[in-house]
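Observations on the model geometry
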Amino acid sequence: AQIALEDETASARGTLVASPGRLEFRDGRIAFEARRVPGLRALPVPQTERLYAELDRIVWRDGICDEASGDVTTPLLSRLGQRHDADLPELAGTLSCAGEALALGYDGRSEALTVTGSVRVTAEGYRWVSEASTGNSDIVALLIALGFEETGQVWRAEGEGSYR
């Protein structure tokens, strides 16, 4: 079935195919504001900034990620940088399955900051980790505000949550 869902903070369009024990979403476009993402709500990022996903296909079998491909992008970090006169990168990543989880590996690079990370989503919840490196001391205050902690050569932030 073709679906088109929209409210003031999110939209989704694509093809949804459901059968017993199987859910497939393909040829999809999703956009949602940062405030719709539990892990981002508590951070000092622009809450109305959008994350975008172009989904080729996501297949769940019995609550387990069976197949996933697509791209996710967001100017969230670069827009935060603009507010603080800092050169921060846009983030981009690719969807895949990792074990039972839907996985997103992402990165972004600017002259001031390099960020890499991943998100894993299961039927029970999510877990994310990001690492950042910078030689720019002006960026350090922003990294701390975003929940990063210094761990030697890189700064690291991580979190997890449940849907229950």
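Residues numbered from 1 in each chain as written. Predicted model: local features only at pLDDT ≥ 70, side-chain atom pairs only at ≥ 80, totals over all residues. Heavy atoms only, no water.

1. A closer look at the overall build of the protein
Here is the rule: Counting from the N terminus, the helices are DSSP H or I runs at least four residues long and the strands are E runs at least two residues long. Atoms considered for the radius of gyration are the C-alpha atoms alone. The globule rule reads 2.2 Å times the number of residues to the power 0.38.
The helix and strand inventory of the protein stands at three helices and eleven strands. Along the protein, helices and strands appear, N-terminal first, in the series β-β-β-α-β-β-α-β-β-β-β-α-β-β. For the protein, the C-alpha radius of gyration of 17 Å lies close to 15 Å, the compact-globule estimate for 164 residues. The dimensions of the protein, computed from C-alpha atoms along their principal axes, are 55 × 30 × 30 Å.

2. A word on the sheet that holds strand β6 (residues 91-98)
We apply this condition: A pair of strands is labelled paired if DSSP reports no fewer than 2 bridges between them. Every angle, taken between N-to-C directions, lies between 0 and 180 degrees, and every axis is a line fitted to C-alpha atoms, over only the stretch in contact when it is a helix.
The strand order across the open sheet formed by eleven strands is β1-β2-β3-β4-β5-β6-β7-β8-β9-β11-β10, and the pairing between neighbours is antiparallel. Both edges of this open sheet fall to β1 (2-6) and β10 (149-151), since each of them pairs with a single strand only. Averaged over all pairs of adjacent strands, the angle between their axes in this sheet comes to 15 degrees, without regard to strand direction.

3. Observations concerning the pairing of strand β9 (residues 125-133)
As paired strands, strand β8 (residues 114-121) and β9 are joined by eight bridges and run antiparallel to one another. Bridging across to β9, Gly117 finds its partner in Ser130. Remark: three residues form the turn of the hairpin made by β8 and β9, two consecutive strands paired antiparallel. Sheet topology note: the β9/strand β11 (residues 154-162) ladder contains eight bridges and is antiparallel. Its bridge partner lying in β11, Glu131 is registered against Arg156.

4. Section: the pattern of salt bridges
Definition in use: Any carboxyl oxygen of Asp or Glu within 4 Å of a side-chain nitrogen of Lys or Arg constitutes a salt bridge here. Exposure categories follow from relative accessible area, calculated using a 1.4 Å probe and restricted to protein chains: below 20% of the type maximum is buried, above 50% is exposed, and the middle band is partly exposed.
Within the structure shown, the criterion is met by 16 salt bridges. The salt bridge partner of Arg26 is Glu24, with a shortest N-O separation of 3.1 Å. Overall, Arg26 belongs to the partly exposed group, its relative accessible area being 31%. Of the residues examined, Glu24 reaches a relative accessible area of 3% and is grouped as buried. A salt bridge links Arg109 to Asp107; the shortest N-O distance between them is 3.3 Å. You can call Asp107 partly exposed: its relative accessible area is 33%. Here the salt bridges share partners, and the residues they tie into one network are Arg22, Glu24, Arg26, Arg57 and Glu67.

5. Quick word on unusual backbone geometry
Unusually for a residue other than glycine, Asp62 sits at a positive phi of about 50 degrees. By secondary structure assignment, the location of Asp62 is in the loop between β4 (50-61) and β5 (64-74). In this model, Asp85 sits at a positive phi of 55 degrees, which is unusual for a non-glycine residue. If you trace the backbone, Asp85 turns up in the loop between α2 (76-83) and β6.

6. A word on the nonpolar core
The condition is simple: Definition used in this section: a nonpolar core is a set of buried Ala, Val, Leu, Ile, Met, Phe, Trp, Tyr and Cys residues joined via side-chain atoms within 4.5 Å. Contacts are assigned to residue pairs with any non-hydrogen atoms lying within 4.5 Å of each other.
One finds Leu77 and Leu113 to be the most contacted residues of the largest nonpolar core, which totals 35 residues. Of all the elements in the fold, those that place two or more residues in this core are β4, β5, α2, β6, β7 (101-109), β9, α3 (137-145) and β11. Leave out the neighbours within four places in its chain, and Leu77 touches Leu88, Pro89, Leu91, Leu113, Val115 and Leu146.

7. Topic: the layout of surface pockets
For clarity, the threshold we go by: Lining residues are those with an atom within 4 Å of a point, where the points come from a 1 Å grid over the protein atoms alone and group into cavities, where a 1.4 Å probe fits but cannot get out, or pockets, open sets with protein on both sides within 12 Å along at least five of seven lines. Grid points are joined across faces, edges and corners, and a volume is the space filled by probe spheres set on the points. Residue polarity follows a fixed list, in which Ala, Val, Leu, Ile, Met, Phe, Trp, Tyr, Cys and Pro are nonpolar, Asp, Glu, Lys and Arg are charged, and the others, Gly among them, are polar.
In this model, the largest pocket occupies a volume close to 1,500 Å³. Lining the largest pocket are 50 residues, and of these Phe32, Val37, Leu51, Leu104 and Val119 lie nearest its centre. Looking at the lining of the largest pocket residue by residue, the classes come out as 41 nonpolar, six polar and three charged.

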